[in-house]
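Each chain, written out:
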Amino acid sequence: MKIRPTLVLICVHLLLHLSILHASDPHLTLDYYKSTCPNAEAIVRKEMECAVLSDPRNAALILRLHFHDCFVQGCDGSVLLDDTVTFQGEKNAPTNLDALKGFDIIDRIKNKLESECPGTVSCADVLTIAARDATLLVGGPYWDVPVGRKDSKTASFALVETNIPDANEGLLSIIAKFIYQDLSVTDMVALSGAHTIGMARCTNYRARVYGDYEITSDNNPIAESNLKSLKSTCPATGGSDNNEAAMDYVSPNIFDNSYYHLLLSGEGLLNSDQELYSSDLGIETSKLVKKYALDPIAFFEQFSESMVKLGNITNPETYVDGEVRKNCRFMNT
Ligand code: HEM
């Protein structure tokens, strides 16, 4: 079949147009709260400082929460909604259950904001700003956060399972989930660098440590001893599913590029992490892994850019029928 060049041009134009629409939502601006809540960012920062100072793991919890919010209906605070008798939220979907924490931190920030400027700052914006501060407070880059999101009155249990990638999913399927959100392969590899902080549960890395960990790490002695300890934390059978291990055991509480170094030495904790470097299908991804391992500034710059893109996945419905929730866990009545 012959493909007409005009048709190709129209498709390319449409694709570009779509991605531009997505990449910069006109509802979002840097000075959205300038007159209505000038201290909004300072309040979020202060609460995040307390949270990260009391436990640096809190930075990882908030960063992941933001990712899980944005991949389901856009960044609309849907992940923050509690289940009620008449409402099913996203928290109890299998992928999120026992895996998402940090909701109490968002509650604390929101309470402070409600006493300073009631009904003004959306929970979706709180989470987006908090994710930036989380990154910054453990040594990562700063970026300006466009704000003006509205909170959803809906959530989707089903879309959690469809849209959120899984540790044992193939590389191409994960890439497809990012492309679906208008994020590129480069965005995917850079955003995966968030795994330079935080922990994973045994249920998510068991297949990897009893799978090809030994092969990818090429029997190097440090990796061997690390593997032994991972296996004792995460036995092949038995109820240890919630036992945790750091995804970057070298510097688990510091946002740096050591995650990419671990991938080069074949010691990524999740199958999905190691595949970025070791998969036969990962020609482009492995080049990016090498680049970010060699050049931490390039990683920080790309991470910042990709986080803005992630945050710009908005939910158009919220501009028609959204709200600023008073309590992030429940819709306003
Ligand atoms: C590329 C596809 C991704 C996959 C397959 C994936 C998968 C996972 C899994 C399985 C865990 C462990 C959860 C647990 O065991 O409870 C995890 C943790 C985490 N993920 Fe991802 N993730 C991906 C991308 C991202 C992105 C884009 C971000 C943020 C920008 C992110 C941030 C985090 C953080 C910070 C943690 C640690 C959370 C904690 O300490 O509790 N991940 N991820």
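The rules behind each value
Residues numbered from 1 in each chain as written. Predicted model: local features only at pLDDT ≥ 70, side-chain atom pairs only at ≥ 80, totals over all residues. Heavy atoms only, no water. Helix = DSSP H or I, 4+ residues; strand = E, 2+ residues; numbered from the N terminus. Rg over C-alpha atoms; globule rule 2.2 N^0.38 Å. Contact = heavy atoms within 4.5 Å. Areas by Shrake-Rupley, 256 points an atom, 1.4 Å probe, with all protein chains shown as cover. Expected span 1.5 Å × (residues − 1). Buried < 20%, exposed > 50% of the residue type's maximum accessible area, 1.4 Å probe, protein only. Near = heavy atom within 4 Å. Polar contact = N/O pair within 3.5 Å; in protein donor to acceptor, adjacent residues only side chain to side chain. Domains from an automatic or database assignment. Disulfide = S-S within 2.5 Å. Donors = N, O, S within 2.8 Å, 3.2 Å for Na, K, Ca; no water. Phe/Tyr/Trp six-rings, centres within 6.5 Å; stacked < 30°, edge-to-face > 60°. Lys NZ or Arg CZ within 6 Å of the ring centre and 35° of its normal. Buried area = accessible area lost by both parts, 1.4 Å probe. Salt bridge = Lys/Arg side-chain N within 4 Å of Asp/Glu carboxyl O.

Draft legend 1. Local environment of the overall build of the chain. Secondary structure summary: the chain contains 16 helices and two strands in total. Against the compact-globule benchmark of 20 Å for 333 residues, the chain has a radius of gyration of 20 Å, which places it among compact chains. When contacts within the chain are restricted to residue pairs at least 6 apart in sequence, those whose partners lie at least 24 apart make up 77%. Working note: accessible area of the chain is about 15,500 Å², and carbon and sulfur atoms make up 59% of it.

Draft legend 2. A look at helix α5 (residues 123–137). Given a rise of 1.5 Å per residue, 15 residues ought to cover 21 Å, and the 20 Å separating the end C-alpha atoms of α5 matches this to within 8%. Burial analysis of α5 places 13 of its 15 residues in the buried class, the great majority of the element. After α5 finishes, the residue Gly 139 shows a positive phi value of roughly 105°.

Draft legend 3. Expanded view of the site of the ligand. Close to the ligand lie 24 residues, the nearest being Arg 57, His 195, Met 199, Arg 201 and Asn 204. For the ligand, a nitrogen atom lies 2.9 Å from a polar atom in the side chain of His 195. Those elements that place two or more of their residues in the shell around the ligand are α3 (57–70), α7 (171–180), α8 (185–192) and β1 (199–201). Of the residues forming the shell around the ligand, the biggest block, five residues, is contributed by α3. Each of domain 1 (40–166 + 313–321) and domain 2 (185–308) accounts for three or more of the residues forming the shell around the ligand.

Draft legend 4. Structural detail: the state of the cysteines. Throughout the structure, instances matching the rule amount to four disulfides. Across the disulfide from Cys 70 sits Cys 75; the S-S distance is 2.1 Å. Taking the sign of the torsion about the S-S bond as the criterion, the disulfide between Cys 70 and Cys 75, at about 115°, is right-handed. The pair Cys 70 / Cys 75 is uniform in exposure class, with both members buried. Between the sulfur atoms of Cys 123 and its disulfide mate Cys 328 the distance is 2.2 Å. As the torsion about the S-S bond is roughly -95°, the Cys 123-Cys 328 disulfide counts as left-handed. Of the two residues, Cys 123 sits in helix α5 while Cys 328 sits in the segment after α16 (318–321), which places them 205 residues apart along the sequence.

Draft legend 5. How the structure looks around the side chain of Gln 274. By secondary structure assignment, the location of Gln 274 is in helix α13 (residues 271–278). Polar contacts involving the side chain of Gln 274 include one to the side chain of Arg 208, which spans 3.4 Å. When near neighbours in sequence (up to four residues on either side) are disregarded, Gln 274 contacts Arg 208, Thr 216, Leu 262, Leu 263, Gly 266, Glu 267, Gly 268 and Ser 279.

Draft legend 6. Spotlight on the coordination of the iron atom of the ligand. Among protein atoms, the single one acting as a donor to the iron atom of the ligand is His 195 (NE2), 2.1 Å away. Structurally, His 195 can be placed in the loop between α8 and β1.

Draft legend 7. Summary view of the side chain of Asn 315. With respect to the helices and strands, Asn 315 occurs in the loop between α15 (296–311) and α16. Only 2.8 Å separates the side chain of Asn 315 from the side chain of Asp 76, close enough to count as a polar contact. Apart from residues lying up to four places away in sequence, Asn 315 is in contact with Gln 73, Gly 74, Asp 76 and Ser 152.

Draft legend 8. Main features of the environment of Ala 124. Residue placement: Ala 124 occurs in helix α5. Sequence-wise, Ala 124 and Gly 148 are 24 residues apart; in three dimensions their C-alpha atoms are separated by 8.9 Å. Those residues in contact with Ala 124 that lie beyond four places of it in its chain are Cys 75, Asp 76, Gly 77, Arg 149, Lys 150 and Asp 151.

Draft legend 9. Quick look at the packing of aromatic side chains. For the structure shown, the criterion picks out 14 aromatic pairs. The interplanar angle of 25° and the centroid separation of 6.3 Å between the aromatic rings of Phe 67 and Phe 178 together place this pair among those described as stacked. With a gap of 111 residues between them, Phe 67 in helix α3 and Phe 178 in helix α7 connect regions that are remote in the sequence. Feature note: the residues Trp 143, Phe 255, Tyr 259, Tyr 260, Tyr 292, Phe 299, Phe 300 and Phe 303 constitute an aromatic cluster, connected by ring pairs. Across from the ring centre of Phe 103, 4.0 Å away, lies the NZ or CZ of Lys 91, which sits over that ring.

Draft legend 10. Here's a closer look at unusual backbone geometry. One non-glycine residue, Asp 98, lies in the positive phi region at around 65°. For Asp 182, which is not glycine, the phi dihedral falls at a positive 65°. Mapping Asp 182 onto the fold places it in the loop between α7 and α8. The partly exposed category is assigned to Asp 182, whose relative accessible area is 26%.

Draft legend 11. Helix α9 (residues 202–209), seen in detail. Looking only at α9, the buried set comprises Cys 202, Tyr 205, Arg 206, Arg 208 and Val 209. In the core, the buried residues of α9 are packed alongside β1, α10 (213–216), α11 (221–233), β2 (244–246) and α13.

Draft legend 12. Structural detail: the domain arrangement of the chain. As far as domains go, the chain holds domain 1 (40–166 + 313–321) and domain 2 (185–308). In this structure, domain 1 and domain 2 have C-alpha centres spaced 24 Å apart. Each partner contributes to the interface: domain 1 provides 21 residues, whereas domain 2 provides 16 residues. Across the domain 1/domain 2 interface, buried area totals approximately 1,400 Å², and carbon plus sulfur atoms make up 66% of it. On the surface where domain 1 and domain 2 come into contact, there are two salt bridges. Across the pair Glu 244 and Lys 101 runs a salt bridge, and its minimum N-O distance is 3.6 Å. Breaking the side of domain 1 that touches domain 2 down by element, the ones donating at least two residues are α3 and α5.

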